[in-house]
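Chain by chain, the residues:
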There are 2 protein chains.
Amino acid sequence: MPPAAAEPLTPERILATTEEVLRRFGPTKATVVDVARALGVSHGSVYRHFPSKAALREAVTDRWLARSVVMLEEIASAPTGSAPSKLEAWLEALFEAKRHKAGDDPELFATYTVLLAENSGVVDAHLSELIDQLGRIIAEGVAAGSLSAEDVPAAARAVFDATGRFHDPQYAADWLSPTIITEFEAVTALVIRGLRA
Amino acid sequence: MPPAAAEPLTPERILATTEEVLRRFGPTKATVVDVARALGVSHGSVYRHFPSKAALREAVTDRWLARSVVMLEEIASAPTGSAPSKLEAWLEALFEAKRHKAGDDPELFATYTVLLAENSGVVDAHLSELIDQLGRIIAEGVAAGSLSAEDVPAAARAVFDATGRFHDPQYAADWLSPTIITEFEAVTALVIRGLRA
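Not measured: the values here are computed from a predicted model.

**Considerations on the overall build of chain A**
Okay, step 1: Counting its secondary structure elements, chain A contains 9 helices and 0 strands.
Okay, step 2: When each of the 197 residues of chain A is scored for burial, the buried share is 47%.
Okay, step 3: Considering only residue pairs separated by 6 or more positions, chain A has 67% of its internal contacts joining residues 24 or more positions apart.
Okay, step 4: Entry remark: accessible area of chain A is about 9300 Å², with carbon and sulfur atoms responsible for 58%.
Okay, step 5: The centroid of the 19 positive side-chain charges in chain A is displaced by 6 Å from the centroid of its 27 negative side-chain charges.

**Regarding the relation of the copies chain A and chain B**
Okay, step 1: Once turned by 180 degrees and shifted 0.0 Å along the axis, chain A lies on chain B with an RMSD of 0.0 Å. Look at the turn and shift together and you get a two-fold axis relating the two. By C-alpha distance to the rotation axis, the residue of chain A lying nearest is Gly194 of chain A, at 1.7 Å.

**Digging into the domain arrangement of chain A**
All names here are of chain A.
Okay, step 1: Domain assignment breaks chain A into domain 1 (11–51) and domain 2 (61–195).
Okay, step 2: Here the C-alpha centre of domain 2 lies 30 Å away from the C-alpha centre of domain 1.
Okay, step 3: Approximately 770 Å² of surface area, both sides summed, lies buried where domain 1 meets domain 2, with 53% of it carried by carbon and sulfur atoms.
Okay, step 4: On inspection of domain 1 and its partner domain 2, the count reaches 4 residue pairs in polar contact (both at pLDDT 80 or more).
Okay, step 5: When grouped by side-chain class, the residues that make up the side of domain 1 that touches domain 2 number 4 nonpolar, no polar and 3 charged.

**Regarding the UniProt feature "domain: HTH tetR-type" (unreviewed entry) in chain A**
Okay, step 1: As recorded in UniProt, the feature "domain: HTH tetR-type" (unreviewed entry) lies at residues 8–68 of chain A.
Okay, step 2: Secondary structure across residues 8–68 of chain A comprises 75% helix and 0% strand; the distance between its end C-alpha atoms is 27 Å.

**A word on the packing of aromatic side chains**
Okay, step 1: The tally for this structure, following the rule as stated, stands at 15 aromatic pairs over all chains.
Okay, step 2: When the centroid spacing of 6.0 Å and the interplanar angle of 35 degrees are considered together, the rings of Tyr171 of chain A and Tyr171 of chain B count as tilted. Residue Tyr171 of chain A is located in the loop between α8 (152–162) and α9 (180–195), and its partner Tyr171 of chain B is located in the loop between α8 (152–162) and α9 (180–195); the two belong to separate chains. Here Tyr171 of chain A and Tyr171 of chain B have matching classes, each one buried.
Okay, step 3: Taken together, the aromatic side chains of Trp64, Phe95, Phe109, Tyr112, Phe166, Trp175 and Phe184 of chain A make up a single cluster linked through ring pairs.
Okay, step 4: Its end group placed over the ring of Phe95 of chain A, Arg99 of chain A keeps NZ or CZ at 5.1 Å from the ring centre.

**Some points on the packing of helix α1 (residues 11–25) of chain B against helix α4 (residues 53–76) of chain B**
Residues and elements named next belong to chain B.
Okay, step 1: Contact geometry of α1 with α4 gives a least axis separation of 10 Å together with a crossing angle of 95 degrees. Considering their axes alone, α1 and α4 lie roughly perpendicular with respect to each other. Residues Glu12, Ile14, Leu15, Ala16, Thr18, Glu19 and Leu22 of α1 form the contact with α4, whose own contacting residues are Leu56, Ala59, Val60, Arg63, Trp64 and Arg67.
Okay, step 2: Here the contact of α1 with α4 is composed, by residue class, of 8 nonpolar, 1 polar and 4 charged.

**A look at the nonpolar core**
Okay, step 1: The biggest cluster of nonpolar side chains holds 124 residues, and the ones touching the most others in it are Trp90, Ile138 and Leu195 of chain A together with Trp90, Ile138 and Leu195 of chain B.
Okay, step 2: Per-element tally for this core: the top contributor is α4 of chain B, with 9 residues.
Okay, step 3: Those residues in contact with Leu195 of chain B that sit more than four places away from it in its chain are Leu190 and Arg193 of chain A together with Leu87, Ile138, Ser146, Leu147, Ser148, Ala149, Ala155 and Val159 of chain B.

**Here's the deal with the UniProt feature "DNA-binding region" (unreviewed entry) in chain A**
Okay, step 1: According to UniProt, the positions carrying the feature "DNA-binding region" (unreviewed entry) are residues 31–50 of chain A.
Okay, step 2: For residues 31–50 of chain A, the end-to-end C-alpha separation is 13 Å, with 75% helix and 0% strand making up the annotated structure.

**Description of the interface of chain A and chain B**
Okay, step 1: Of the residues lining the interface, 21 residues belong to chain A; the matching set on chain B comes to 21 residues.
Okay, step 2: With both sides pooled, the region where chain A packs onto chain B buries about 1800 Å², and carbon together with sulfur makes up 52% of that total.
Okay, step 3: On the surface where chain A and chain B come into contact, there are 4 salt bridges.
Okay, step 4: For Arg165 of chain B, the salt bridge identified is with Asp161 of chain A, shortest N-O distance 3.0 Å.

**Quick notes on helix α1 (residues 11–25) of chain A**
Within an α-helix, residues lying three or four positions from one another point in the same direction, as the helix has 3.6 residues per turn.
Residues and elements named next belong to chain A.
Okay, step 1: Its 15 residues give α1 an end-to-end C-alpha distance of 21 Å, which sits within 8% of 21 Å, the value for a rise of 1.5 Å per residue.
Okay, step 2: Buried within α1 are the following residues: Arg13, Ile14, Leu15, Thr17, Thr18, Glu19, Val21 and Leu22.
Okay, step 3: Looking at the buried residues of α1, the elements they touch are α2 (32–39), α3 (43–49), α4 (53–76) and α6 (106–118).
Okay, step 4: Looking one or two residues past α1, Gly26 carries a phi angle of roughly 85 degrees, positive in sign.

**A look at the pattern of salt bridges**
Okay, step 1: Tallied over the full model, the rule gives 30 salt bridges over all chains.
Okay, step 2: A salt bridge links Glu96 of chain A to Arg99 of chain A, with the nearest nitrogen and oxygen atoms 3.1 Å apart. A residue pair is termed a helical-turn pair when its members lie 3 or 4 positions apart in one helix, as Glu96 of chain A and Arg99 of chain A do in helix α5 (residues 83–104) at 3 residues.
Okay, step 3: Glu96 of chain A gets classed as partly exposed once you look at its relative accessible area, which sits at 36%.
Okay, step 4: With its nearest N and O atoms 3.2 Å apart, the salt bridge here joins Asp132 of chain A to Arg136 of chain A. One end of the pair, Asp132 of chain A, and the other, Arg136 of chain A, are both in helix α7 (residues 120–144), 4 residues apart, so they sit about a helical turn from each other.
Okay, step 5: Classification of Asp132 of chain A by relative accessible area gives partly exposed; the value is 43%.
Okay, step 6: In this structure Arg136 of chain A comes out as partly exposed when scored by relative accessible area, which is 33%.
Okay, step 7: Among the charged side chains, a salt-bridge network with shared partners connects Arg157 and Asp161 of chain A together with Arg165, Asp174 and Glu183 of chain B.

Conventions adopted
Residues numbered from 1 in each chain as written. Chains lettered and ligands numbered in written order. Predicted model: local features only at pLDDT ≥ 70, side-chain atom pairs only at ≥ 80, totals over all residues. Heavy atoms only, no water. Helix = DSSP H or I, 4+ residues; strand = E, 2+ residues; numbered from the N terminus. Buried < 20%, exposed > 50% of the residue type's maximum accessible area, 1.4 Å probe, protein only. Contact = heavy atoms within 4.5 Å. Areas by Shrake-Rupley, 256 points an atom, 1.4 Å probe, with all protein chains shown as cover. Lys, Arg positive; Asp, Glu negative; His and termini not counted. Charge placed at Lys NZ, Arg CZ, Asp CG, Glu CD. Least-squares fit on C-alpha atoms with pLDDT ≥ 70 in both. Domains from an automatic or database assignment. Buried area = accessible area lost by both parts, 1.4 Å probe. Polar contact = N/O pair within 3.5 Å; in protein donor to acceptor, adjacent residues only side chain to side chain. Nonpolar A, V, L, I, M, F, W, Y, C, P; charged D, E, K, R; others polar. UniProt positions renumbered as here; feature names shortened; annotations may be inferred. Phe/Tyr/Trp six-rings, centres within 6.5 Å; stacked < 30°, edge-to-face > 60°. Lys NZ or Arg CZ within 6 Å of the ring centre and 35° of its normal. Axes fitted to C-alpha atoms, helices over the stretch in contact; angles between N-to-C directions. Parallel < 35°, antiparallel > 145°, perpendicular 65-115°, else oblique. Core = buried A, V, L, I, M, F, W, Y, C linked by side-chain atoms within 4.5 Å. Salt bridge = Lys/Arg side-chain N within 4 Å of Asp/Glu carboxyl O. Expected span 1.5 Å × (residues − 1).

This is how it looks when you write it as structure tokens:
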């Protein structure tokens, strides 16, 4: 990315460049000065938007996690489709998104694994948002009579926990296994069957 | 443990002492010489039973993993009890065993986490044995009409995967959470419900 100081310096431009810098230098070496240099601005200009290196790393982590949430939200809030099939589609889309993140750009994925460890607040908020989407799908199914759950938030949490092998980045190495899709389908079927009314 | 060279040098004595040495020195520093010294024998005597440091580490890992298998096997092969309640008891016993290993002796647990990573063959055999026990419980339930599974080994694997958060040592830190028991119960109930005929 060539320096282009003429464009307005938006938070989004800073974050996109930070991601590039992290990919290039790795999370331990990348500095705010590297980000400013790549943008062709002073590091003071970057600090006007993000008051510290920690704030910048937190924001870039948040942005990375938020990317998959939008697409999952579309599935969760789709006006058509039964709750069990939405649930299946949602779990598939989550696994798909994670596998792509890990497989297409392993360096960036490794970088984010480091950032996730240092920004547990951002991660917790992200996980809550995902479990909340699951809860809305389950509540819809309970209302329609296709699913059954006494405690919807607890059921959503249980579905999320039970499918952890297919979204927790700790398992990224397993996602390359030739049998992983079959295993994902077996767990998904088991979990959905466990929620059926 | 005081040196006691007069006792016969059995593989079991060597392994028990190796565990002590690993606990004391940690997995990177412990040597076969340390084990021999603690036993009051020459390292040649140890090598007569375990031809290399790698073989000794593998055997001690295997022994550590095997300890929980015996108790789980008792549950799996109990002549009484319905399959769903056996399944629940088995999952509870597995979680209980893992939590105790992690909580009662965190240093030894950390040591074994290192050994597990270097002895993947031993770990894979252990996991297969556990999944095989689950499969026998599920097959019993299918035969009795209390559980339903088209492909019993696949269902056993799915149950094991779905409950990973409660037995995979990667999650040991989560086991200290005040809500972990509730979360375990929710996942277990969901999974058993998913298998009910």
